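Listed below are the residues making up each chain.
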Amino acid sequence: MAIIETKKLTRKFGSFTAVDSLDIIIEPGEAFALLGPNGAGKTTAIKMLTTLLPVTSGEAFICGFNIVTQPNKVRGVIGYVPQMLSVDGTLSGMENLLLFARLYDIPSKECKPRVLDSLTFMGLIDAAKKPVREYSGGMIRRLEIAQSMLHHPPVLFLDEPTVGLDPIACKTVWDHILQLKKEFNTTILMTTHLMEEADHLSNRIAFMSRGKLVASGTPQELKDSINKPGSTLEDVFIHYTSETLSEGNNYSSISRERKTAKRLG
Amino acid sequence: MRKFIRKTWVIADFEIRKILHDPTEVLVRAVQPALWLLIFGQVMARMRVIPGGNYLDFMSPGILAQSILFVSIFYGIAIIWERDLGLTHKFLATPTPRTALVLGKALSAGIRCIPLMFIIYILAALLSVHVLWNPANIIGVIVLLLLGAILFSTFSLIIACLVKTRERFMGIGQLMTMPLFFASNAIYPIDIMPGWLKIISHFNPLTYMIDGMRLLMIGTPSGFSLLTDYCVLAISSTLFVLLGGSLYKRVII
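Predicted model, so just to flag it, every value in this text is computed and none were measured.

Cut-off values and rules
- Residues numbered from 1 in each chain as written.
- Chains lettered and ligands numbered in written order.
- Predicted model: local features only at pLDDT ≥ 70, side-chain atom pairs only at ≥ 80, totals over all residues.
- Heavy atoms only, no water.
- Helix = DSSP H or I, 4+ residues; strand = E, 2+ residues; numbered from the N terminus.
- Rg over C-alpha atoms; globule rule 2.2 N^0.38 Å.
- Buried < 20%, exposed > 50% of the residue type's maximum accessible area, 1.4 Å probe, protein only.
- Contact = heavy atoms within 4.5 Å.
- Lys, Arg positive; Asp, Glu negative; His and termini not counted.
- Charge placed at Lys NZ, Arg CZ, Asp CG, Glu CD.
- Expected span 1.5 Å × (residues − 1).
- Salt bridge = Lys/Arg side-chain N within 4 Å of Asp/Glu carboxyl O.
- Buried area = accessible area lost by both parts, 1.4 Å probe.
- Polar contact = N/O pair within 3.5 Å; in protein donor to acceptor, adjacent residues only side chain to side chain.
- Nonpolar A, V, L, I, M, F, W, Y, C, P; charged D, E, K, R; others polar.
- Phe/Tyr/Trp six-rings, centres within 6.5 Å; stacked < 30°, edge-to-face > 60°.
- Lys NZ or Arg CZ within 6 Å of the ring centre and 35° of its normal.
- Pairing = 2+ DSSP bridges.
- Axes fitted to C-alpha atoms, helices over the stretch in contact; angles between N-to-C directions.

Trainee: Is there a simple way to explain the overall build of chain B in this structure?
Mentor: On a plain count of helices and strands, chain B comes out with 12 helices and zero strands. Shown N-terminal to C-terminal, the secondary structure of chain B runs as helices and strands in the order α-α-α-α-α-α-α-α-α-α-α-α. Relative to its length of 253 residues, chain B is compact, with a C-alpha radius of gyration of 18 Å against a globular reference of 18 Å. Taken along its principal axes, the extent of the C-alpha atoms in chain B is 60 × 40 × 35 Å. The buried share among the 253 residues of chain B stands at 57%. Contacts in chain B between residues at least 24 apart in sequence constitute 76% of all its contacts with a sequence separation of at least 6. Of the charged side chains in chain B, 21 are positive and 11 negative, and the gap between their average positions amounts to 9 Å.

This is the structure:
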């Protein structure tokens, strides 16, 4: 049985269709990457699946729960790391996690041991009592992932998990995501702009363009599909999305990305 | 219901920890009421605005209520800031009722005002205001303070959810504060207001908060009855929290 399933999932903003009849099936334990140019609808799709954005039409199920009619059940079985920062810089890493442990309905007695386990797992135990504003960018991202995994959700959504990080911090975050997947058999749905990241972390990749799903498969299947010897995922990306490639994002998303990059140092 | 209270408290606790990590904000916020009491109050006291009464006695509860209004009414800016940071997305993706998120935030606005209340009490006492230090009265003032802060901060949150940007919010925040303040009994009694303003002041919840505070803080008989003051604030706060709960998700769309 699919753990994530969308059926003709659509979101419109006025006359603009951000996500157009999206059909995805993701099996338990898979790592699935959504790729596409700026404005392709990746983040909008994740926002609908995490119940943050109302659906215009279609439906989707996470662990069998309908995102429209059972949003609170869905929130209980997912972890979500947004593109922007989602921890408070004034508080320590431990405080941030303790508060979220209580929001995720973890029984009071189990909160502290669970938080300590998560901090240890993410390699943050030595910095547990430091204010988050003293953390490096990679440490903040790991803390955010730890925060989203406190309740051991079967599904984790990562919206551009390494945006604004340097290559070394990226590598550490990737290692922890892979370790997490191995340890808890977590199903991961992620968006990214980095082909290397998608290739490294995911079993299957889907390309979106103008809100529609234009291709999907394993990284190798996608490379083979364009009939170009020695092709890379960049070639696949250009092949399937070149009609819509532009020079960049709109003002608000550029501003958001730069703010996130700046805050991550 | 137990889960709702627990989660409301988690959100409030989140905010309280921030104040404990950086309490300078509370001290800085105390400067404005201090200036009102020390300068405006001392000057106005010479004009005998209150026939047969001490103006500083009359004004102190009004300044306390004004401080609560000013702290709460700009709370929406924090909501927009959290949205820009990404924290709001994270809160909304947890299995937490929206009304608990809103009430927790509103409650924390009230908790931020409690140290401010004690600073104003001490300042007023130093200015020879006849402050009632009875613990029951102080608890009564704290309840009024919390209800008022919940009401005005939720009102602010609703505006933030509708206007969505800091620039627009700042303009509207300024626009809301002064009419609420001047159309109340904070610095002059309702009796001396022109007829049209008297009518407006009766629809202003700040008037009821000040009326109750004046009775509990300095012993001036209530104009409406303490029960009326509590009921007006409790009912309007509940309505605003319910409305805020249904609008909160809009701030990220």
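Trainee: How should I be thinking about helix α1 (residues 2–21) of chain B in this particular structure?
Mentor: One turn of an α-helix holds 3.6 residues; hence residues three or four places apart share an orientation. The first and last C-alpha atoms of α1(B) sit 28 Å apart over 20 residues, in line with the 28 Å expected at 1.5 Å per residue. Every buried residue of α1(B) is accounted for by B:Lys7, B:Thr8, B:Val10, B:Ile11, B:Ala12, B:Asp13, B:Phe14, B:Glu15, B:Ile16, B:Lys18 and B:Ile19.

Trainee: Help me out: how do you make sense of the pattern of salt bridges in this one?
Mentor: Between side chains of opposite charge, a pair can form as their charged atoms come close. With the rule as written, the count across this model stands at 23 salt bridges over all chains. A salt bridge links B:Lys7 to A:Asp105; the nearest nitrogen and oxygen atoms lie 3.0 Å apart. Taken together, the positions of B:Lys7 in helix α1 and A:Asp105 in the loop between α3 (93–103) and α4 (108–121) put the pair across two chains. Take B:Lys7: its relative accessible area is 1%, and that puts it in the buried class. Ionic pairing is found between B:Lys18 and B:Glu82, a salt bridge with its closest N-O pair at 3.5 Å. With B:Lys18 in helix α1 and B:Glu82 in helix α5 (residues 75–85), this pair connects stretches of sequence that are 64 residues apart.

Trainee: Got a minute to help me understand the interface of chain A and chain B in this structure?
Mentor: It is common to give the size of an interface as the accessible area that goes away when the parts come together. Taken together, the contact pairs 37 residues of chain A with 29 residues of chain B. Counting the surface lost from both chain A and chain B, the interface buries some 3,000 Å², and carbon and sulfur atoms represent 61% of this. Interface area lost by chain A to chain B is led by A:Leu52, A:Arg102 and A:Leu103, which between them contribute 22%. Summed over the shared surface of chain A and chain B, the result is five salt bridges. One can count 14 residue pairs in polar contact (both at pLDDT 80 or more) joining chain A with chain B. The element best represented in the side of chain A that touches chain B is α3(A), accounting for six residues. Residue classes in the side of chain A that touches chain B are distributed as 17 nonpolar, 10 polar and 10 charged.

Trainee: I tried to follow the packing of aromatic side chains on my own but got confused; where do I start?
Mentor: The relative placement of two aromatic rings is captured by the distance of their centres and the angle of their planes. Throughout the structure, instances matching the rule amount to 15 aromatic pairs over all chains. Plain terms: the ring middles of B:Phe70 and B:Phe181 are 6.2 Å apart, the flat faces sit at 65° to each other, and that makes the pair edge-to-face. Here the residue B:Phe70 occupies a position in helix α4 (residues 55–73), and B:Phe181 occupies one in helix α9 (residues 166–182), the gap between them amounting to 111 residues. Residue classification places B:Phe70 among the buried positions, given a relative accessible area of 15%. The buried category is assigned to B:Phe181, whose relative accessible area is 1%. Across from the ring centre of A:Phe13, 4.5 Å away, lies the NZ or CZ of A:Arg11, which sits over that ring.

Trainee: What exactly am I supposed to notice about the sheet that holds strand β2 (residues 16–26) of chain A here?
Mentor: Across a sheet, strands are paired by hydrogen bonds formed along the backbone, either parallel or antiparallel in direction. Residues and elements named next belong to chain A. On the basis of which strands lie adjacent, the open sheet formed by four strands has the order β2-β1-β4-β5 and antiparallel pairing. The two strands at the open ends of the sheet, each matched to only one other strand, are β2 and β5 (65–66). As paired elements, strand β4 (residues 57–62) and β5 share two bridges and run antiparallel to each other. What sits directly across from Phe 61, in β5, is Asn 66. Contacts from helix α1 (residues 42–49) reach β1 (4–13), β2 and β4 within the one sheet, and its direction differs from that of β1 by about 115°.

Trainee: Please clarify how the sheet that holds strand β8 (residues 187–191) of chain A should be interpreted in this entry.
Mentor: All names here are of chain A. With respect to topology, six strands assemble into an open sheet ordered β6-β7-β8-β3-β9-β10, the strand pairing being mixed. Because the sheet does not close on itself, it has two edges, and the strands there are β6 (78–81) and β10 (212–217). Here the strands of the sheet are splayed against their neighbours by 15° on average, with no regard to which way each runs.

Trainee: Sorry if this is basic, but what is going on with the side chain of A:Ser202 here?
Mentor: Along the chain, the position of A:Ser202 falls in the loop between α7 (195–201) and β9 (204–209). A polar side-chain atom of A:Ser202 sits 2.3 Å from the main-chain carbonyl oxygen of A:Ala198.

Trainee: Quick question: what am I supposed to make of unusual backbone geometry here?
Mentor: Note: most residues except glycine have negative phi, and most peptide bonds are trans. All names here are of chain A. Here the phi dihedral of Thr 51 falls at roughly 70°; this positive angle occurs in a residue that is not glycine. Topologically, Thr 51 is positioned in the loop between α1 and β4. Using a relative accessible area of 12% as the deciding quantity, one classes Thr 51 as buried.

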